[in-house]
Amino acid sequence: MIIRPRALLREYRLLLLFSFRWVLLSAIVGGLAGTASAGFLVALDFVTNWRELHPWVIALLPAGGLLVGLLYHYWGKSVEGGNNLLLDEINQPTHLVPLRMVPLVLMGTLLTHLFGGSAGREGTAVQMGGALADQFSRWPRLIRRRERRLLLLAGLSAGFASVFGTPLAGAVFGLEVVLLGRLRYDALLPAFLAAAAADYVTRAWGVGHTAYPLLAVPALAPLPLLSAAAAGVAFGLAGRLFAGTTHVVSDFYKRTIAWPPLRPVVGGAVVALLIWAAGTTRYSGLGVPTIVQAFQEPLPVYVFALKILFTALTLGAAFKGGEVTPLFFVGATLGNALALVLPLPMPLLAGLGFAAVFAGAANTPLACTLLAMELFGHECGLYAGLACVVSYLFSGHRGIYGAQVVGQAKHGLWQRQQGRRLRDLL
């Protein structure tokens, strides 16, 4: 092979220009996303603590649902797709993501949590990060049309990383979530830089994250590995159940209630009555105290199923937030219950479920493996990876993000589904 000095110099000059440009862009995107997430997390802690001190406010959940419904009906129709809108724009770019997505999803999520709905926070951070990043697409001299996908992926990764304090998982999540079974390697540099910058900026604002225990793992042996794989099957089925139940509830409300703002009103009334019947606020909001408890002591075996029900009824009725932290809750409590039948330590099973149920529901096994290692220590990596991969396989071509495109089928039996969106397979 003949090396031509001029061609080599030109190649590396272009690489340096590309890298320098994306270092600057990713730093700005990460800074914006990290700042937005910091403010969001502080506000979310405030409304959560206020709700727990004044549980009577849950009775007003239908009124909160009306506020959320009216906000999106009159001002947010162009952004009501949420995370799926971002994925659609990455796969098939058409229109700029409106900046109004940021205040609308922020307000909608805070109202959902204030009045006791069961929802997460990742959807809010991801949407804010993606919408803020996409505003740079207004300047074609700065962002070329073909680079808009990279910008959106950087914003998505930054939002995820900043809200959970997991920059590696956030970067890979952005690369993995768009196409089921394939990674977007063209966005490696923007995604990693933006995720690292966003996490740094969030922490620089003095906003911390929940501390989870470092997990002790047994020595490698056939029985523990088989047990982790068996748990992965249960986690994958739970992720599929979560996604399927949410879609069923959403479809039901759309078929039976014609006026969209009324859907969260009815849904809020149902959830509020169920909270009253349960006699506990355990299933409201994020449920982080219960997640932490799942690592420490045995919990009732039905807790994970009730969280699926409460979250599906909340998000399916068009309340705002996200699915990921409820999935952490479902996984950790399901792992806690599996400790009754599987020969693995209860904290390890809770940690595996924490990551693997999300891996199955979001179809992101690599990101979730890194998530477990960042939160629980690298020693759990092999067991977490095994549980996440098995969960990913057994969740099938279903998931919480209907706009995901099947880039590579999980099994030869599903090859005909390749290239289709998950929502078209329901």
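See the structure printed just above.
Anyway, here's the lowdown on the structure attached to this text. None of these values were measured; they are calculated from a predicted model.

**Looking at the packing of aromatic side chains**
No. 1: Applying the stated criterion across every chain yields a total of 20 aromatic pairs.
No. 2: Ring centres of F160 and F173 lie 4.3 Å apart, and the angle between their planes is 20°; on these two criteria the pair is classed as stacked. Of this pair, F160 sits in helix α6 (residues 148–164) while F173 sits in helix α7 (residues 167–176); the two residues are 13 residues apart in sequence, bridging distant segments of the chain.
No. 3: Looking at F160, the relative accessible area reads 1%, which means it is buried.
No. 4: For F173, a relative accessible area of 2% corresponds to the buried category.
No. 5: Relative to F376, the ring of F295 has its centre 5.4 Å away and its plane inclined at 45°; by these criteria the two rings are tilted. You can see F295 sitting in the loop between α11 (288–294) and α12 (303–315) and its partner F376 sitting in helix α15 (residues 365–376), a full 81 residues away along the chain. Each member of the pair, F295 as well as F376, is classed as buried.

**Considering the environment of F192**
No. 1: Checked against the element boundaries, F192 lands in helix α8 (residues 188–204).
No. 2: The class for F192 is partly exposed, based on a relative accessible area of 33%.
No. 3: In contact with F192, other than residues within four places in its own chain, are L168, A171, V172 and L175.

**A word on the packing of α7 against α8**
No. 1: Close contact between α7 and α8 brings their axes to 8 Å; oriented N to C, the two are set at 140°. Once α7 is placed against α8, the crossing between them reads as right-handed. Facing α7, whose interface residues are P167, L168, G170, A171, V172 and L175, α8 presents L188, A191, F192, A195, A196 and D199.
No. 2: In terms of residue class, the contact of α7 with α8 is built from 10 nonpolar, one polar and one charged.

About the cut-offs
- Residues numbered from 1 in each chain as written.
- Predicted model: local features only at pLDDT ≥ 70, side-chain atom pairs only at ≥ 80, totals over all residues.
- Heavy atoms only, no water.
- Phe/Tyr/Trp six-rings, centres within 6.5 Å; stacked < 30°, edge-to-face > 60°.
- Helix = DSSP H or I, 4+ residues; strand = E, 2+ residues; numbered from the N terminus.
- Buried < 20%, exposed > 50% of the residue type's maximum accessible area, 1.4 Å probe, protein only.
- Contact = heavy atoms within 4.5 Å.
- Axes fitted to C-alpha atoms, helices over the stretch in contact; angles between N-to-C directions.
- Left-handed = near helix turned anticlockwise from the far one by under 90°.
- Nonpolar A, V, L, I, M, F, W, Y, C, P; charged D, E, K, R; others polar.

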